[in-house]
Amino acid sequence: MINLGMRNFRLYVREKGAVFFSMLGVFIIIGLYILFLGDGMKEGAGDLPGKEGLIDTWVMAGVIAVSSITTSMGACGVIIEDRVKKRYKDFMSAPLRRSQIVGGYVYSACLVGGLMCTLTFIAVEIYLVVNGGALPSVLTVAKVLGIIALAVTSSASIVLFISSLLKTNGAFNNVSILLGTLIGFITGIYLPIGSLGEGVQWIIKCFPVSHAGALLRQVLMEDQLNKAFTGMPVEAVDQFKEEMGIVFRFGDTTAEPEIHVVVLILTTVIFLTMGVLNMSRKEK
Amino acid sequence: MDKIIEVKNLHKHYGAVKAVRGMDFYVERGKLFAFLGPNGAGKSTTIDMICTLLKPDEGEVIIDGFYLGQEDDRIRAVIGAVFQESILDDRLSVRENLMVRARFYSKDHRGIRAAIEKVIKVAELTEFIDRPYGKLSGGQRRRADIARALINTPKILFLDEPTTGLDPQTRKSVWDMIARLQKEMKMTVFLTTHYMEEAAKADYVIIVDHGQVATKGTPYELREAYSTDLIKIKPMETMRGRLIEYLGEQGLESVERERVFQIAIRSSQRAIELLMASREWIESFEVIHGTMDDVFLNIIGKEQKEND
């Protein structure tokens, strides 16, 4: 499994186009934010103290969440390639179990996702610190890495399942491009969730990556939120958190961080099972 | 007789298309075995089934004593396969490709290293061993594919049209390599081809058509049974009439072109009789032994006519 996983990883890293395109979703978000959306959002935040840093951090937390899915999608390209070029014949005629082959794909998707996501985190922190932010504490870094691990396994499972349904390179490319461009919307990264309609809010809340985004915001924005809202009523903080999708509200209850963790773990289990079952069926 | 592959009543349908319908044959250990047939005759489907890639609808296959469908992993350990498609990774070097594949079969690092060194030598890969597979020429790729198939020192080597699409010189070198492997490593080689001259070099040939065995035998037997010898006789100018007269008496049909008579003869024995009888009148002659092309065209062509 590790043998094949490393092979898949190498194949991904050596195709520079795939690496670039798997980061495209991230670049789009950053580009849009810096060029268009950022100023508007900062104005909308009124006269909150330290609002620049707050909003920057808000977007960058979302960027990390998004990169977990776009990069692991890039790593899944090899699944389609193996199918299209009939490379699976080479594996199937060797004494390998199907679970090892599928495990290799999961391994490389998680490895690529974890690595690229961590790199994104480092890049994001550099950006924030250069723009006057504080260095994150060791505890924050540890928490972020933990969330990245959860986000990547969940995202990798989802894209693995999607890839198991695709039969051609063309289909895969279209889906990746679609995912790369839409992901910012369906996870509520471009715009604060509070500014969207009820229906769209639900779509965002149903999407597992959004939960990773919420967790990351909670962890990364904690200090800044405390500073910005000192001396203000609790309701004001809560309302801001809800508007910005730092917390999700379901009916009358606000989701605890544990809920997000459970969502990520559950989606991992569900999609991984479906993906593995789908790929393990023997050709008839 | 030591049968390393035994196939009984093999069937495979793709929907309504019956790709293989009742294939029966066996392969002797250590022989070079050719599976010959037109495109779409069911050659690749049969190989895919024997290589455990496709599940047969019906029938029994025993490979080196293991039953297909029950002991697939044991079968996979003793076979090596070269498929029609190039199936190594373009962006990995030949060595990396071989390394990844060698680990499918063994965990022993030293053994893996030794196996790779061995196949590099056998398949003559030294020159391009560290180049990406995707940048190799067709012939180099094929050699790398064959090296891949040999990485687990298989008892049986399957080659599905190994020389298709290669230039004549490369084709010959690949073919020589296969023949050498079979002799030196005492390997059973099972290959499909649609090149007659390749099939003619095999120890045993099976001709398949429409998913069934059309005929089988050694190339010599097949030529004897399905092809005709051709005698070309050029009589001395004055004796032309005598020859025509004699051929008429014997009821032999001939075609004359620039005083060269072409006569189709069923057996070599008859050829000798004819030459003996006409030895006084002959200026020059030539006997052309039947070729695999004739065999193939006779069998496949006849069936196609019947079907039309």
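Notes on the structure follow. (Residues numbered from 1 in each chain as written. Chains lettered and ligands numbered in written order. Predicted model: local features only at pLDDT ≥ 70, side-chain atom pairs only at ≥ 80, totals over all residues. Heavy atoms only, no water.)

As a further point, take the packing of helix 11 (residues 208-228) of chain A against helix 13 (residues 257-280) of chain A. Residue and element names in this part refer to chain A. Orientation of helix 11 relative to helix 13, taken along the N-to-C sense of each, is 145°, at an axis distance of 9 Å. The element helix 11 and its partner helix 13 pack so that their crossing is left-handed. For the pair helix 11 and helix 13, the contacting residues are Pro208, His211, Ala212, Ala214, Leu215 and Gln218 in the first and Pro257, His260, Val261, Val263, Leu264 and Thr267 in the second. The class makeup of the residues in the contact of helix 11 with helix 13 is eight nonpolar, four polar and no charged. (Axes fitted to C-alpha atoms, helices over the stretch in contact; angles between N-to-C directions. Helix = DSSP H or I, 4+ residues; strand = E, 2+ residues; numbered from the N terminus. Left-handed = near helix turned anticlockwise from the far one by under 90°. Contact = heavy atoms within 4.5 Å. Nonpolar A, V, L, I, M, F, W, Y, C, P; charged D, E, K, R; others polar.)

Okay, empty space enclosed by the protein next. Scanning the model with the defined rule gives one cavity of 30 Å³ or more in all. A volume near 40 Å³ is recorded for the largest cavity. As for the largest cavity, its lining consists of Ser93 of chain A together with Ile79, Gly80, Ala81, Tyr105, Arg148 and Ala149 of chain B. Elements that contribute at least two residues to the lining of the largest cavity include exactly strand 6 (79-82) and helix 5 (138-150) of chain B. If one sorts the elements of the lining of the largest cavity by residue count, strand 6 of chain B sits on top with three residues. For the lining of the largest cavity, the per-class residue count stands at four nonpolar, two polar and one charged. (1 Å grid on protein atoms, 1.4 Å probe; cavity = no way out; pocket = protein on both sides within 12 Å on 5 of 7 lines; lining within 4 Å. Points joined across faces, edges and corners; volume = space filled by probe spheres on them.)

This next bit is on the interface of chain A and chain B. Counting residues at the interface gives 22 residues for chain A, matched by 29 residues for chain B. When chain A packs against chain B, close to 2600 Å² is buried across both sides, 50% of that on carbon and sulfur atoms. Linking chain A to chain B there are 13 salt bridges. Measuring nitrogen to oxygen at the nearest pair gives 3.3 Å for the salt bridge that ties Lys85 of chain A to Asp90 of chain B. Where chain A packs against chain B, one counts 13 residue pairs in polar contact (both at pLDDT 80 or more). Only helix 1 (2-14) and helix 6 (88-92) of chain A provide two or more residues apiece to the side of chain A that touches chain B. Among the elements that take part in the side of chain A that touches chain B, helix 1 of chain A stands out by supplying six residues, more than any other. For the side of chain A that touches chain B, the residue count by class is seven nonpolar, two polar and 13 charged. (Buried area = accessible area lost by both parts, 1.4 Å probe. Salt bridge = Lys/Arg side-chain N within 4 Å of Asp/Glu carboxyl O. Polar contact = N/O pair within 3.5 Å; in protein donor to acceptor, adjacent residues only side chain to side chain.)

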